Amino acid sequence: MRYRRLGRLGREVSEVGYGMWGVAGGEGGWTGADDERGLTALQEAVDLGCTFFDTAWIYGRGHSERMLAEVLRANPDRGLTVATKVPPKDRRWPSTRDSRLEDVFPADHVRAYTERSLANLGVERIDLLQFHVWEDAWAEDPRWQRAVAGLRAEGLVGGIGISVNRWEPWNVLKTLRTGLVDAVQVIHNIFDQAPEDELLPLCEELDIAVIARVPFDEGTLTGTLTADSTWPQGDWRNSYFVPENLVPAVARADRLKELLPPGLTLPELALRFILDEPRIATVIPGMSSPKHVRANLAVSSLPALPAPLAAELKRHRWDRTPTEWSQ
């Protein structure tokens, strides 16, 4: 496993981290989650050198955080870095241009959920506390600024981050210039290359860590989906992969399969594309089984993609606009 600096926070973290959305399951999540298998997968990741774990209160309403607490207790000397997220008070993902800070992240709500996450994780300080949605119109509002300053001053958080709304990498730029944000989490993959336009250059300028999420485009870049794929009732993917999204996404993924060099899988190609971007601090694929952990973490040791292939992948950029189903 290779390691990279987490921006100005100065921590060294594994360049392949662990996205925990699919581990806990629960309402609004992914079906098929199993605690025993999930804990085994988490420990496997630690044993293979993964040190960055990204969770959120909403992942199982605290259950994902409590699972991670077990891993932290079992591995006190591994230098694990924990990132979690404060849910929007109005429970709307994503926020919209009409969302008001007082409805989404009032100061008492931010503090209350910070304290909940501290208790769930069994730690005295959260390494990186992230806002789970964001509007750049809030950048200069002193209310959130005072809230995070207080948490820092009390030593309850090590750094502050923002998880940017899907397909809106521009919706944080002004906030980053306040100097109060240490990390930004954004969708970045072969299809979603828009962060490279403005977000990544600004983060490099300001020494802000970039956490790349959704490296497999919620599954299409694993190469396992078809235009007829369905999921059990209650699985979040049923609401995301509506026909107008699933059909073109699968078609684009199928075209990528034609580019695969011998011995490289589509998931490996997808992760390697992200890791070949030096401005990314860590990528956080979702991993629900030890098999996925071993496959994804092994990509860190693979060589960079050949230059002609990397250039060809740039041509597969797909700029999309948020819709009712994109969440």
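Residues numbered from 1 in each chain as written. Predicted model: local features only at pLDDT ≥ 70, side-chain atom pairs only at ≥ 80, totals over all residues. Heavy atoms only, no water.

Draft legend 1. Representation of the overall build of the chain. Regarding its fold elements, the chain presents 13 helices and 10 strands. Relative to its length of 327 residues, the chain is compact, with a C-alpha radius of gyration of 19 Å against a globular reference of 20 Å. In terms of its C-alpha atoms, the chain occupies a principal-axis envelope of roughly 55 × 45 × 40 Å. Relative to its full complement of 327 residues, the chain shows a buried share of 55%. By sequence separation, contacts in the chain at least 24 residues apart represent 77% of the contacts at least 6 residues apart. Only carbon and sulfur atoms are counted for the fraction: they give 51% of the accessible area of the chain, which is about 13500 Å². Separation of charge centres in the chain, based on 38 positive and 47 negative side chains, amounts to 1 Å. (Helix = DSSP H or I, 4+ residues; strand = E, 2+ residues; numbered from the N terminus. Rg over C-alpha atoms; globule rule 2.2 N^0.38 Å. Buried < 20%, exposed > 50% of the residue type's maximum accessible area, 1.4 Å probe, protein only. Contact = heavy atoms within 4.5 Å. Areas by Shrake-Rupley, 256 points an atom, 1.4 Å probe, with all protein chains shown as cover. Lys, Arg positive; Asp, Glu negative; His and termini not counted. Charge placed at Lys NZ, Arg CZ, Asp CG, Glu CD.)

Draft legend 2. Structural detail: empty space enclosed by the protein. Under the defined criterion, the tally for this structure stands at one cavity of 30 Å³ or more. Looking at the largest cavity, its volume works out to about 30 Å³. By residue class, the composition of the lining of the largest cavity is three nonpolar, three polar and two charged. (1 Å grid on protein atoms, 1.4 Å probe; cavity = no way out; pocket = protein on both sides within 12 Å on 5 of 7 lines; lining within 4 Å. Points joined across faces, edges and corners; volume = space filled by probe spheres on them. Nonpolar A, V, L, I, M, F, W, Y, C, P; charged D, E, K, R; others polar.)

Draft legend 3. Representation of the packing of helix α5 (residues 107-121) against helix α6 (residues 142-153). Remark: α5 packs on α6, axes separated minimally by 9 Å, with the N-to-C direction vectors making an angle of 30 degrees. Regarding the angle of α5 to α6, the classification is roughly parallel. Here α5 runs over α6; the crossing is right-handed. Contacts between α5 and α6 pair Ala107, Val110, Arg111 and Thr114 from the former with Ala147, Gly150 and Leu151 from the latter. Class assignment of the residues belonging to the contact of α5 with α6 gives a composition of four nonpolar, two polar and one charged. (Axes fitted to C-alpha atoms, helices over the stretch in contact; angles between N-to-C directions. Parallel < 35°, antiparallel > 145°, perpendicular 65-115°, else oblique. Left-handed = near helix turned anticlockwise from the far one by under 90°.)

Draft legend 4. Expanded view of the layout of surface pockets. The calculated volume of the second largest pocket comes to roughly 180 Å³. Mapped by element, the contributors of at least two residues to the lining of the second largest pocket are β1 (3-5), α8 (199-206) and β9 (209-213). When residues of the lining of the second largest pocket are assigned to their parent elements, the largest contribution, three residues, is made by α8. Considering only residue class, the lining of the second largest pocket consists of eight nonpolar, one polar and five charged.

Draft legend 5. Local environment of the nonpolar core. In terms of nonpolar packing, the biggest core is built from 81 residues, with Tyr18, Phe53, Phe105 and Phe131 touching the most fellow members. Considering every element that reaches this core, the biggest residue donor is helix α11 (residues 266-275), with seven residues. Core analysis: the next-biggest nonpolar cluster, separate from the first, contains 10 residues, Val13, Leu128, Ala183 and Ala281 among them. (Core = buried A, V, L, I, M, F, W, Y, C linked by side-chain atoms within 4.5 Å.)

Draft legend 6. Fine view of the pattern of salt bridges. For the structure on display, the rule yields 28 salt bridges. The residue arginine 5 makes a salt bridge to aspartate 207 at a minimum N-O spacing of 2.6 Å. You can see arginine 5 sitting in strand β1 and its partner aspartate 207 sitting in the loop between α8 and β9, a full 202 residues away along the chain. Of the charged contacts in the structure, one is a salt bridge between glutamate 277 and arginine 279, with a shortest N-O distance of 2.8 Å. When its relative accessible area of 9% is taken as the criterion, glutamate 277 is described as buried. For arginine 279, a relative accessible area of 26% corresponds to the partly exposed category. In the salt-bridge network here, residues are joined through shared partners; they are Arg100, Glu102, Asp103, Asp141 and Arg143. (Salt bridge = Lys/Arg side-chain N within 4 Å of Asp/Glu carboxyl O.)

Draft legend 7. Region of interest: the environment of arginine 66. Structurally, arginine 66 is set in helix α3 (residues 63-74). Distance in space between the C-alpha atoms of arginine 66 and serine 117 is 8.7 Å, their sequence separation being 51 residues. When residues no more than four places from it in sequence are discounted, the contact partners of arginine 66 are Gly60, Arg61 and Asn120.

Draft legend 8. Structural context of the side chain of glutamate 15. Mapping glutamate 15 onto the fold places it in the loop between β2 (12-14) and β3 (18-19). Residue glutamate 15 is classed as buried on the basis of its relative accessible area of 2%. Side chain to side chain, glutamate 15 and arginine 4 meet in a polar contact 2.8 Å long. If sequence neighbours within four positions are ignored, glutamate 15 has contacts with Met1, Arg2, Tyr3, Arg4, Leu275, Ala281, Thr282, Val283 and Ser300. (Polar contact = N/O pair within 3.5 Å; in protein donor to acceptor, adjacent residues only side chain to side chain.)

Draft legend 9. Layout of the environment of aspartate 127. Here aspartate 127 lies in the loop between α5 and β6 (128-131). By relative accessible area, aspartate 127 is classed as buried at 12%. Taking the C-alpha atoms as reference, aspartate 127 lies 8.6 Å from isoleucine 160; in sequence the two are 33 residues apart. Other than its neighbours up to four places away in sequence, aspartate 127 contacts Arg11, Leu80, Thr81, Val82, Gly158 and Gly159. Among the polar contacts listed, one links the side chain of aspartate 127 to the side chain of arginine 11, at a separation of 3.4 Å.

These figures capture arrangement, not role.
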